[in-house]
Amino acid sequence: MSDHTWSGRFAEPVSDLVKRYTASVFFDQRMAAQDIRGSLAHARMLARQRIITPDDLAEIERGMAQIAGEIERGEFAWSLDAEDVHLNIEKRLTALVGDAGKRLHTGRSRNDQVATDIRLWLRDTIDAIDGLLRSYQSALLDLAERHADTPLPGFTHLQVAQPVTFGHHLLAYVEMAERDRSRLRGCRKRMNRLPLGAAALAGTTFPIDREFVARELGFDGVCENSLDAVSDRDFAIEFCATAALVMMHVSRFSEELILWMSPRVGFIDLADRFCTGSSIMPQKKNPDVPELARGKTGRAYGNLMALLTLMKGQPLAYNKDNQEDKEPLFDTADTVIDTLRIFADMVPGIRVKPEAMAAALKQGYATATDLADYLVKRGLPFRDAHEAVARAVRAAETKGCDLADLPLAELRAFSPLIADDVFDVLTVAGSLAARDHIGGTAPGQVRAAIARARARL
Ligand code: ARG
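Everything numeric here is computed off the predicted structure, so don't read it as measured data.

What about the site of the ligand?
- The immediate surroundings of the ligand are formed by S24, D28, D84, H86, R110, N111, V114, Y318, Q323 and K326.
- Within the side chain of S24, a nitrogen or oxygen atom sits 3.3 Å from a nitrogen atom of the ligand.
- At 2.7 Å from a nitrogen atom of the ligand is found a side-chain nitrogen or oxygen belonging to Q323.
- Within the complex, the protein chains bury 86% of what would otherwise be the 340 Å² of accessible surface of the ligand.
- At three residues, helix α7 (residues 110-146) tops the list of elements feeding residues into the shell around the ligand.

Focus on the packing of aromatic side chains
- This structure, assessed with the given rule, holds eight aromatic pairs.
- One Lys or Arg, R30, reaches over the ring of F330 and ends 4.7 Å from the middle of that ring.
- R123 extends its terminal NZ or CZ atom over the ring of F219, reaching a point 5.0 Å from the ring centre.

Comments concerning the state of the cysteines
- Counted under the stated rule, the structure contains zero disulfides.
- No disulfide involves C187; its nearest neighbouring cysteine sulfur is the one of C240, lying 9.0 Å away.
- Using a relative accessible area of 0% as the deciding quantity, one classes C187 as buried.
- As a non-bridged cysteine, C223 has C187 as the owner of its nearest cysteine sulfur, 14 Å distant.

Notes on helix α12 (residues 288-311)
- Taking 1.5 Å of rise per residue, 24 residues should cover 34 Å, and α12 covers 35 Å from first to last C-alpha, within 8% of that figure.
- If you check which residues of α12 are buried, you get V289, P290, A293, T297, A300, N303, L304, L307, L310 and M311.
- Contact partners of the buried residues in α12: α10 (226-231), α11 (234-261) and α13 (326-346).
- Just downstream of α12 lies G313, where phi reads positive at about 80 degrees.

Digging into the pattern of salt bridges
- Per the stated rule, a full pass over the model turns up 34 salt bridges.
- One salt bridge in this structure joins E59 and R62, with 3.0 Å as the shortest N-O distance. One end of the pair is E59 and the other is R62, both in helix α4 (residues 54-72) and three residues apart, which spans about a single turn.
- R110 is the partner of D84 in a salt bridge, and the nearest nitrogen-oxygen pair spans 2.7 Å. With D84 in the loop between α4 and α5 (85-97) and R110 in helix α7, this pair connects stretches of sequence that are 26 residues apart.

Let's talk about the nonpolar core
- Counting residues in hydrophobic clusters, the biggest one holds 71 residues, and the most contacted among them are Y136, F239, F253 and I268.
- At the level of elements, α7, α8 (166-191), α11, α12, α13, α14 (354-361) and α20 (443-456) are the ones that each hand at least two residues to this core.
- Once you skip the residues sitting within four places of it in the chain, Y136 turns out to touch Y173, A177, F253, L340, F343, A344 and V347.
- Membership of the second largest hydrophobic core comes to 31 residues, among which are V25, A43, L57 and L194.

A short note on the packing of α4 against α5
- One can describe the packing of α4 onto α5 by two numbers: an axis separation of 9 Å at closest approach and a directional angle of 120 degrees. When the axis of α4 is compared with that of α5, the two are oblique. Judged by the twist between their axes, the crossing of α4 over α5 is right-handed. Taken together, the residues of α5 that come into contact with α4 (itself represented by E59, I60, R62, G63, M64, Q66, I67, E70 and I71) are I89, R92, L93, L96 and V97.
- Of the residues in the contact of α4 with α5, the class split is eight nonpolar, two polar and four charged.

About the criteria used
- All residue numbers here refer to positions counted from 1 along the written sequence of the relevant chain.
- Owing to the predicted nature of the model, reporting of local features is limited to residues with pLDDT of at least 70; listing and counting of side-chain atom pairs is limited to 80 or more, with chain, interface and lining totals taken over all residues.
- Processing note: side-chain calculations cover all non-hydrogen atoms of the structure and skip hydrogens and water entirely.
- For each residue, the test is whether any non-hydrogen atom lies within 4 Å of the molecule or strand; if one does, the residue is near.
- Counted as a polar contact is a pair of N or O atoms within 3.5 Å, where, for protein atoms, one must be capable of donating a hydrogen and the other of accepting one, and residues adjacent in sequence contribute only when both atoms are in side chains.
- The accessible surface values rely on the Shrake-Rupley method and a 1.4 Å probe; as for residues, cover is taken only from the protein chains in view.
- Secondary structure elements follow DSSP: runs of H or I no shorter than four residues count as helices, runs of E no shorter than two count as strands, and numbering proceeds from the N terminus.
- Two rings from Phe, Tyr or Trp (for Trp, the six-membered ring) form a pair when their centres are within 6.5 Å of each other. A pair whose planes differ by under 30 degrees is stacked, one over 60 is edge-to-face, and the rest are tilted.
- Here, a charge over a ring means that NZ of Lys or CZ of Arg falls within 6 Å of the ring centre while also lying within 35 degrees of the ring normal.
- The rule for a disulfide is simple: a pair of cysteine sulfur atoms within 2.5 Å.
- Between buried and exposed lies partly exposed: a residue is buried under 20% and exposed over 50% of the maximum accessible area for its type, with that area taken using a 1.4 Å probe on protein chains only.
- Expected helix span is given by 1.5 Å per residue-to-residue step, counting one fewer step than there are residues.
- We call two residues in contact when some of their heavy atoms are within 4.5 Å.
- In the sections that follow, a salt bridge refers to a side-chain nitrogen of Lys or Arg positioned within 4 Å of a carboxyl oxygen of Asp or Glu.
- Each nonpolar core is a collection of buried residues, namely Ala, Val, Leu, Ile, Met, Phe, Trp, Tyr and Cys, held together in the definition by side-chain atoms within 4.5 Å.
- Here the axes come from fitting lines to C-alpha atoms, over the contacting stretch only for helices, and the angles between their N-to-C directions go from 0 to 180 degrees.
- An angle counts as roughly parallel when it lies under 35 degrees, as roughly antiparallel when it exceeds 145, as roughly perpendicular when it falls between 65 and 115, and as oblique in every other case.
- By convention, the crossing between two helices is left-handed when the near helix turns anticlockwise from the far helix through less than a right angle, and right-handed when the turn is clockwise.
- Residues are grouped as follows: nonpolar covers Ala, Val, Leu, Ile, Met, Phe, Trp, Tyr, Cys and Pro; charged covers Asp, Glu, Lys and Arg; every other residue, Gly included, is treated as polar.

Structure (structure tokens):
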């Protein structure tokens, strides 16, 4: 005799391999707290609606309290035979409180139960990630504030383009994280509806009160359609897509940290505790954390693809395929949480080397656009100004010097509009200060942007 709850229908027990193949208990036990919470809300509703007695409810509450304690203390005996987190808990409840435990599943199915558990679990996870994104943003803002004036070569095509401040550069990542947070909020809002009451797929014959359960569990309302409620996992996919974007943004920042820390560039140093050495090359200090974050972004993309593929082509309503939603979902959540936790801790310890940034800025004719703008302001059409400056850059390159190092007479050979005030625009400080509008890199604008971002946090 198998001890499966549903074994009455079967003539022979499943093989051990099939048991292992179909079980989810070893990963879905992570949702035990949510499963208990959902069951208690359901039981309270059953009692209110006189579907079970107050005594049954009291027994269920007593049993669940004990089970929660056993799980917390690591004493709960998870069993493969009971297949998943839901049946493990229900089986233990029945062992503890008898018939009241057997009445818990009235008007409910594991299909609406699991859909509820995942949503409860994901809601908490989203809130945790939002908090971590906020800490990460706050760390970026602190560092940006300290470097609102620090010039950094801004790159396009990984070549020196125009001066920006390091603070301005960091603020770009604050904005990305802000949009990530907004996407998470949207995902949470769409997800926060109660599936319970859908039962297996068609609803239940019992006089249930779904709105009550929704309120008990902090949902904004109930899922409108029972078939949809038990079967779709779009909310998990949406979360994984949002998390993939979070990781994509972190990965871009990681790539910059790695580049900046490379001895050839040397713009920053990371605190030792975020780096590792080489087992063979004694001189090495490797940026392992950003490299791993960049690498782990691949798992987040993979998990998203797994869930999209899992859902594709599933007919209504519930199919066991959906049990496969959990491992990718958990893995993505773990990856994002660990990554953001480390980044929020690592960013404050970034040691900036302004001299190296300034030296790099000297090498790429970063103020060439400023010279072109200068000529335009004196009446030259932009295309002609561009051409004149391009020739000046070529001349400076031949001499192996910066534009600002060319004597005025030589500069005037490229355009008679150039006067001795040109040196104000050829300096890095002049170039930065001139970009004085919202979204620009002028230090005053960077400070104002930091203040606005802080007010948003
Ligand atoms: N462990 C299952 C899951 O994660 C619970 C739902 C099982 N429902 C069913 N009809 N077999 O999806």
